[in-house]
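Listed below, chain by chain, are the residues.
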Amino acid sequence: MNFLNKMERKFGKYAIQNLTFWLIGFYILGYIIEFTMPNVLVMLTLEPYYVMQGQVWRLVSWILIPPSTSIIFLIFMLMCYYFIGISIERAVGTFRYNVYLLGGMIISTISAMALYGIYYLVTGMTLRGIGAYYSTNYVNMSLFLTFAVLFPNVQFQLYFLIPVKAKWMGVIEAVWAAFSFIGGNLPQRTAILASLANFLIFYLCTRNYHRASPKEIHRKQVYRQQMRQPQGVTRHKCAICGRTEKDGDNLEFRFCSKCEGNYEYCQEHLFTHQHIKRS
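Summary of the structure given here.

Basis of the calculations
Residues numbered from 1 in each chain as written. Predicted model: local features only at pLDDT ≥ 70, side-chain atom pairs only at ≥ 80, totals over all residues. Heavy atoms only, no water. Salt bridge = Lys/Arg side-chain N within 4 Å of Asp/Glu carboxyl O. Helix = DSSP H or I, 4+ residues; strand = E, 2+ residues; numbered from the N terminus. Buried < 20%, exposed > 50% of the residue type's maximum accessible area, 1.4 Å probe, protein only. Patch = residues over 30% accessible without salt bridge, like charges linked within 9 Å, V, L, I, M, F, W, Y side chains within 5 Å. Areas by Shrake-Rupley, 256 points an atom, 1.4 Å probe, with all protein chains shown as cover. Axes fitted to C-alpha atoms, helices over the stretch in contact; angles between N-to-C directions. Parallel < 35°, antiparallel > 145°, perpendicular 65-115°, else oblique. Left-handed = near helix turned anticlockwise from the far one by under 90°. Contact = heavy atoms within 4.5 Å.

**Examining the pattern of salt bridges**
Okay, step 1: Summed over the entire model, instances satisfying the criterion amount to two salt bridges.
Okay, step 2: In this structure, Arg243 and Glu268 form a salt bridge, with 2.9 Å as the shortest nitrogen-oxygen distance. Of the two residues, Arg243 sits in the loop between α11 (214-227) and β3 (253-255) while Glu268 sits in the segment after β4 (264-266), which places them 25 residues apart along the sequence.
Okay, step 3: Glu252 is the salt-bridge partner of Arg254, the closest N and O atoms lying 3.7 Å from each other.
Okay, step 4: In this structure Glu252 comes out as partly exposed when scored by relative accessible area, which is 44%.

Have a look at this one:
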């Protein structure tokens, strides 16, 4: 996160505002090509074999291949993607959203080329058909998983009738990805891992690991033990003056993080006491 902060200060002015709008535009162009020139769409896939033959535009043109859906749900699907993308951009910032979305696409491109190269080095044969597994479907899945983490309680109307919270739809997406990974072949597994890499990085970088530290766990255990004490027994007591919560309704008590041990102080002595050191 510190690295991203430095990068944002240096390159944040180059971030593309409303990147989701441009992504939706690429989808629409892809649908137009699919319905009018389906033979051209085949020439846009991320196929490393043809990239090595000089068709370098495939490194970028695969982004034009739209998610598979029926024409009936096309408009609603694009509106949903736009809502998800805009919400994430507002939550994490334009620069970080650019890094997340473009980074996921770059990782997918690199993984396809790396798989082709490694397969050739190991077997001596060229691996074809990789491009069939690299599309924006998995990239959009990673976007939705991020949305489910940021806004777990937002409700969607599944099939326009069933209200489902984003967190449960995210679980369904994750289970579907797991089954696809287990039942898929090597190119499909690589495509799934590559498209979800940016989500995993985002998820791990936004966790509060302080909550899982031994010191924090011990503090919570002590607090639970104090809360389980029978009524009539004071729960708080100042280690200096001996006052408890029964000595005044406005008294507040805090543990000192610099004292070695579970020493609690009232607000009068919290910042004025001498810290206790066992050694």
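**A short note on a nonpolar patch on the surface**
Okay, step 1: Side chains of Ile16, Phe21, Trp22, Phe26, Tyr82, Leu102, Ile106 and Ile110 sit close together on the surface and give an oily, nonpolar patch of about 770 Å² of accessible area.
Okay, step 2: Of all elements in the fold, only α2 (19-36) and α7 (94-123) reach the threshold of two or more residues within the nonpolar patch.
Okay, step 3: You can see Ile106 is positioned in helix α7.

**Section: the packing of α2 against helix α6 (residues 74-92)**
Okay, step 1: The contact between α2 and α6 brings their axes to 8 Å, and the two run at 155°. Taken as axis vectors, α2 and α6 run roughly antiparallel relative to one another. Here α2 runs over α6; the crossing is right-handed. Along its contact with α2, which presents Leu19, Thr20, Phe21, Ile24, Tyr27, Ile28 and Tyr31, the element α6 presents Leu74, Met77, Leu78, Tyr81, Tyr82, Gly85, Ile86 and Glu89.

**Describing unusual backbone geometry**
Okay, step 1: Backbone geometry places Asn18, a non-glycine residue, at a positive phi of 55°.
Okay, step 2: Mapped onto the elements of the fold, Asn18 is located in the loop between α1 (2-11) and α2.

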